[in-house]
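Spelled out from the first residue to the last, the chains are:
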Amino acid sequence: MESRRRRIRTTTVRWLLYSLTLLCAAALQTMPGFLRIGECKPYFVLGIALAVAVYEGEFYGALFGAVCGLLWDYLGGRTAGMLALGMMILCFFSSVIVQLYLKPSSVNFFLMNAGAGLILMSTDFLFFYLMRGYAAPLRRYFIVVVPEVLISAALAVPVLYLIRRIADRFTLLD
């Protein structure tokens, strides 16, 4: 009985710490002028979602990715569900790729985060910028979207170590 209580307690604490990390990242992401370089503003929510997906598996990673996407949709004032669906799919496949082919190193996580960010931000750019007919779309894509993805991927590497520390500290070996 003690083992069951301890397992429930450590699982609850682990997910509470993941949630607090997500809320801190969302607050930093929506803070006006924080780490803004020209028109580029890094996003932190995707890095946390991918890091949790790497350490928690495909099912819980996809669920956490969907929650992160819904939070990002809400904070960005967008249609609810687009980023949630994209992040759920990306977190699922990132977790599967790490389980089958890669190890969770900082270089692999940077490349995985950059690829996922490029996919997610390119679809966002397609639906919210290109299809609406704004002027100079390629200029905006290469001056804003691509540097935003690279900066965000670089800033997500320390998040991987934070999530790894939480996962290692609050996971019981049965």
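Residues numbered from 1 in each chain as written. Predicted model: local features only at pLDDT ≥ 70, side-chain atom pairs only at ≥ 80, totals over all residues. Heavy atoms only, no water.

A. Quick peek at the environment of isoleucine 151. Here isoleucine 151 shows up in helix H6 (residues 137-169). The class of isoleucine 151 is partly exposed, set by a relative accessible area of 25%. In sequence terms isoleucine 151 and tyrosine 43 are 108 residues apart; their C-alpha atoms lie 8.6 Å from each other. Beyond its immediate chain neighbours, meaning those up to four positions away, isoleucine 151 contacts Ile37 and Pro42. (Helix = DSSP H or I, 4+ residues; strand = E, 2+ residues; numbered from the N terminus. Buried < 20%, exposed > 50% of the residue type's maximum accessible area, 1.4 Å probe, protein only. Contact = heavy atoms within 4.5 Å.)

B. Quick look at the environment of threonine 123. Mapping threonine 123 onto the fold places it in helix H5 (residues 106-130). Residue threonine 123 is classed as partly exposed on the basis of its relative accessible area of 32%. The sequence separation of threonine 123 and methionine 82 amounts to 41 residues, and the corresponding C-alpha distance is 9.4 Å.

C. Structural view of the packing of helix H2 (residues 45-56) against helix H3 (residues 58-76). Where H2 meets H3, the axes come as close as 7 Å, and the angle between the chain directions of the two elements is 165°. Between H2 and H3, the crossing angle belongs to the class labelled roughly antiparallel. The handedness of the crossing between H2 and H3 comes out as right-handed. Where H2 approaches H3, its residues Val45, Leu46, Ile48, Ala49, Val52, Ala53 and Glu56 are matched on the opposing element by Glu58, Tyr60, Gly61, Phe64, Gly65, Cys68 and Trp72. The class makeup of the residues in the contact of H2 with H3 is ten nonpolar, two polar and two charged. (Axes fitted to C-alpha atoms, helices over the stretch in contact; angles between N-to-C directions. Parallel < 35°, antiparallel > 145°, perpendicular 65-115°, else oblique. Left-handed = near helix turned anticlockwise from the far one by under 90°. Nonpolar A, V, L, I, M, F, W, Y, C, P; charged D, E, K, R; others polar.)

D. Spotlight on H6. The end-to-end C-alpha separation of H6 is 46 Å, in line with the 48 Å expected for 33 residues at 1.5 Å each. Along H6, the sharpest kink reaches roughly 30°, centred on valine 157 and followed within four residues by the proline proline 158. (Expected span 1.5 Å × (residues − 1). Bend = angle between axes of the 7 residues up to and from the residue.)

E. A nonpolar patch on the surface, seen in detail. Residues Leu85, Met88, Ile89, Phe92, Phe93, Ile97, Leu100, Tyr101 and Leu102 make up a contiguous nonpolar surface patch of about 870 Å² in total accessible area. In this structure, tyrosine 101 sits in the loop between helix H4 (82-100) and H5. (Patch = residues over 30% accessible without salt bridge, like charges linked within 9 Å, V, L, I, M, F, W, Y side chains within 5 Å. Areas by Shrake-Rupley, 256 points an atom, 1.4 Å probe, with all protein chains shown as cover. Salt bridge = Lys/Arg side-chain N within 4 Å of Asp/Glu carboxyl O.)

F. Representation of H4. Here H4 is 19 residues long and its end C-alpha atoms lie 27 Å apart, about the 27 Å a rise of 1.5 Å per residue gives. Within the span of H4, buried status applies to Leu83, Ala84, Gly86, Met87, Leu90, Cys91, Ser94, Ser95 and Val98. Here the buried residues of H4 occupy an arc of 155° about the axis, which is enough to place them on one side. Tucked into the core, H4 has its buried residues touching H2, H3 and H5. (Arc of directions from axis to C-beta.)

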